[in-house]
Amino acid sequence: MATSASRLRVAICGAGIGGLTFALALSRYPDIDIDIYEGAQALAEIGAGIGIFPRPWKILQMLGVEADLLKVTETKVTDGPVAAFRYRKSDQREGVEIFTLVTQGSLALFHRADYQQTLLNHLPKRCRIQCSKRLRSYVQRQSNPIELLFEDGTKTHCDILIGADGLKSAVRAGVLGEKAQLAQSEGRWKEASQILTHVNPVWSGTNAYRALIPVEKLMSLAPGHRVLTTPGVQYLGKHGYILAYRISGGTLVNFVAFVSRHHLENTVFNGPWMSMVEPSAFAPLFAHWEPEVQALIACIQEKVMQWAIHTIRPMRSFVSGRVALLGDAAHSMTPHQGSGAGQAIEDAYILATVLGYPGTNRNTVHRALRVYDTIRCPAAYKVMELSRINGRYFTFELDGIDLDTMPPKQQWDSLQHIRKTVVRNWEWAWTTSIDSSVQEAVHLLEGRT
Ligand SMILES: Cc1cc2nc3c(=O)[nH]c(=O)nc-3n(C[C@H](O)[C@H](O)[C@H](O)COP(=O)(O)OP(=O)(O)OC[C@H]3O[C@@H](n4cnc5c(N)ncnc54)[C@H](O)[C@@H]3O)c2cc1C
């Protein structure tokens, strides 16, 4: 129950990376009540790796979780230049090294469950988490408290609702429903139906196949394999690529194979979005690739997780009244810049900053949410587009150019063009910081700009 002294009662729908980071950031303001409603029966991230770039990492430092996160990562985190990933052209018998991605500061690699558990350990007791609480819908009327309706038939109330409920967000459906209703009531019929096209996710045309390989197994099969000695490797080729890096204290290799059919982007995927499939579902594409790739695939004998990567069409706003979206609920993107979670962390920090701002209360919260929207909506969608472009370059989808039919010199020039574009589009993740966004938020809240 909310305390009578609380300045705001905030309900967070979803306890994934975004929801938990937001709860942690908001818990720095003791006069704000926080309730987290998670649809799953228990808090359990799907076992796979996640990379955090220096920009979101600095936020985690500011939230005081750095020391504990360092205990569960293989990465030796530093502020200096780091060779984060090696890129190879691998869709041939003998692979070719294209470049090494050097970041300023480390890309910290985690097992998702370790990351989630660390955040949970830091959440103060006053943040109440309830599992098996799947939000069905909400009702928001003028200045009344927002009513939350759950699948189990129960109801509760809050001042502000934050939808951190991921790709298939129920809160996003509510936000867009409200916007469409308003457009309809003002006779903007076409706009109303256009708004509703953003409710359902669309397939990106790419499937990811994820497996965890015991390092010992790779060592015995292929001693000296590049993945055993390098922070991370990306094996690129036509229509797909493979990402491999060590996690969980160096005991496991996080393996992800991407298979892309870009012409099917924004279509409907036929079949379950997540399912366990035989390695034969992805292995044929890589059959003629270099031996290092074959060694990794040979380590995978069990079924793997097939993940049909879905995104949402960019919306004009993350906010409706006193309801706001964050993370995948707002901007589910392809994983080709390894930044979906990073963007959720940025949303979480800025949203907590504007809600925690001393002048924010039940009467002024609309303004705070507008500031959040102004800053985060364009920024997140820019990253979403850059990630999409990376996905094309990693699979050699270069405006009709076919690398394999080119003379060697021209092919090398094209590979270097890929390098330059990928690095230029990605540098924001280690050359910029959240500080300027925080300053902008405070300026806007103070009415100084
Ligand atoms: C293959 C792959 C690799 C990736 N690698 C990276 C990477 O290296 N770095 C990176 O930054 N990002 C990466 N991402 C993206 C990242 O995983 C997501 O962007 C991130 O997990 C989003 O977090 P979230 O909290 O917004 O959503 P989620 O993690 O989806 O959490 C949503 C939560 O809400 C709950 N929920 C859903 N509906 C309801 C409801 N109605 N009521 C209550 N609760 C509900 C869910 O159970 C879940 O716990 C990758 C994604 C993929 C697919």
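- For the chain, an unreviewed UniProt entry supplies the name FAD/NAD(P)-binding domain-containing protein and the organism Gymnopus androsaceus JB14.

## Section: the overall build of the chain
Link 1 in the chain: A count of helical and extended segments in the chain gives 15 helices and 19 strands.
Link 2 in the chain: What you see for the chain is a C-alpha radius of gyration of 22 Å, in line with the 22 Å of a compact globule of 449 residues.
Link 3 in the chain: Along the three orthogonal principal directions, the C-alpha set of the chain runs to about 65 × 50 × 45 Å.
Link 4 in the chain: In the chain, buried positions account for 55% of the 449 residues.
Link 5 in the chain: Considering only intrachain contacts with a sequence separation of at least 6, the fraction spanning at least 24 residues in the chain is 75%.
Link 6 in the chain: Computed over 47 positive and 41 negative side-chain charges, the separation of the two mean positions in the chain equals 3 Å.

## Observations concerning helix 15 (residues 435-445)
Link 1 in the chain: The set of residues buried in helix 15 consists of Ser437, Val438, Ala441 and Leu445. The buried residues of helix 15 occupy one face: seen down the axis, they fall within an arc of 100 degrees.
Link 2 in the chain: Packing partners of the buried residues in helix 15 comprise helix 2 (54-62), helix 11 (340-356) and helix 12 (365-394).
Link 3 in the chain: At the exit of helix 15 stands glycine 447, carrying a positive phi of roughly 70 degrees.

## Re the sheet that holds strand 9 (residues 146-150)
Link 1 in the chain: What the 3 strands build is an open sheet, ordered 8-9-10; its pairing is antiparallel. Lying at the two open borders of the sheet, with one neighbouring strand each, are strand 8 (135-139) and strand 10 (155-158). The mean inter-strand angle of the sheet, taken between neighbouring strand axes irrespective of direction, is 25 degrees.
Link 2 in the chain: Sheet analysis places strand 8 next to strand 9, joined by 4 bridges and oriented antiparallel.

## A short note on the packing of helix 5 (residues 170-185) against helix 6 (residues 189-196)
Link 1 in the chain: It is at 8 Å that the axes of helix 5 and helix 6 come closest, and there the two elements cross at 170 degrees. Between helix 5 and helix 6, the crossing angle belongs to the class labelled roughly antiparallel. Contacts between helix 5 and helix 6 involve Leu176, Gly177, Lys179, Ala180, Ala183 and Gln184 from the former and Trp189, Ala192, Ile195 and Leu196 from the latter.
Link 2 in the chain: Class assignment for the residues of the contact of helix 5 with helix 6 results in 7 nonpolar, 2 polar and 1 charged.

## Quick word on the layout of surface pockets
Link 1 in the chain: For the second largest pocket, the calculated volume is near 560 Å³.
Link 2 in the chain: Along the walls of the second largest pocket sit 23 residues, with Leu176, Glu178, Lys179, Leu182 and Ser320 positioned nearest its centre.
Link 3 in the chain: Elements that contribute at least two residues to the lining of the second largest pocket include exactly strand 8, helix 5 and helix 6.
Link 4 in the chain: For the lining of the second largest pocket, the element with the highest residue contribution is helix 5, accounting for 8 residues.
Link 5 in the chain: Considering only residue class, the lining of the second largest pocket consists of 9 nonpolar, 8 polar and 6 charged.

## Observations concerning the sheet that holds strand 2 (residues 32-37)
Link 1 in the chain: Read from one edge of the open sheet, 6 strands run 7-2-1-11-19-18, paired in mixed fashion. Strands with a single pairing partner mark the edges of an open sheet, and in this sheet they are strand 7 (128-130) and strand 18 (319-320).
Link 2 in the chain: Where strand 2 lies against strand 7, 3 bridges are found, and the strand directions are parallel. Across the sheet, the residue bridging to tyrosine 37 is glutamine 130, located in strand 7.

Rules and cut-offs
- Residues numbered from 1 in each chain as written.
- Predicted model: local features only at pLDDT ≥ 70, side-chain atom pairs only at ≥ 80, totals over all residues.
- Heavy atoms only, no water.
- Helix = DSSP H or I, 4+ residues; strand = E, 2+ residues; numbered from the N terminus.
- Rg over C-alpha atoms; globule rule 2.2 N^0.38 Å.
- Buried < 20%, exposed > 50% of the residue type's maximum accessible area, 1.4 Å probe, protein only.
- Contact = heavy atoms within 4.5 Å.
- Lys, Arg positive; Asp, Glu negative; His and termini not counted.
- Charge placed at Lys NZ, Arg CZ, Asp CG, Glu CD.
- Arc of directions from axis to C-beta.
- Pairing = 2+ DSSP bridges.
- Axes fitted to C-alpha atoms, helices over the stretch in contact; angles between N-to-C directions.
- Parallel < 35°, antiparallel > 145°, perpendicular 65-115°, else oblique.
- Nonpolar A, V, L, I, M, F, W, Y, C, P; charged D, E, K, R; others polar.
- 1 Å grid on protein atoms, 1.4 Å probe; cavity = no way out; pocket = protein on both sides within 12 Å on 5 of 7 lines; lining within 4 Å.
- Points joined across faces, edges and corners; volume = space filled by probe spheres on them.

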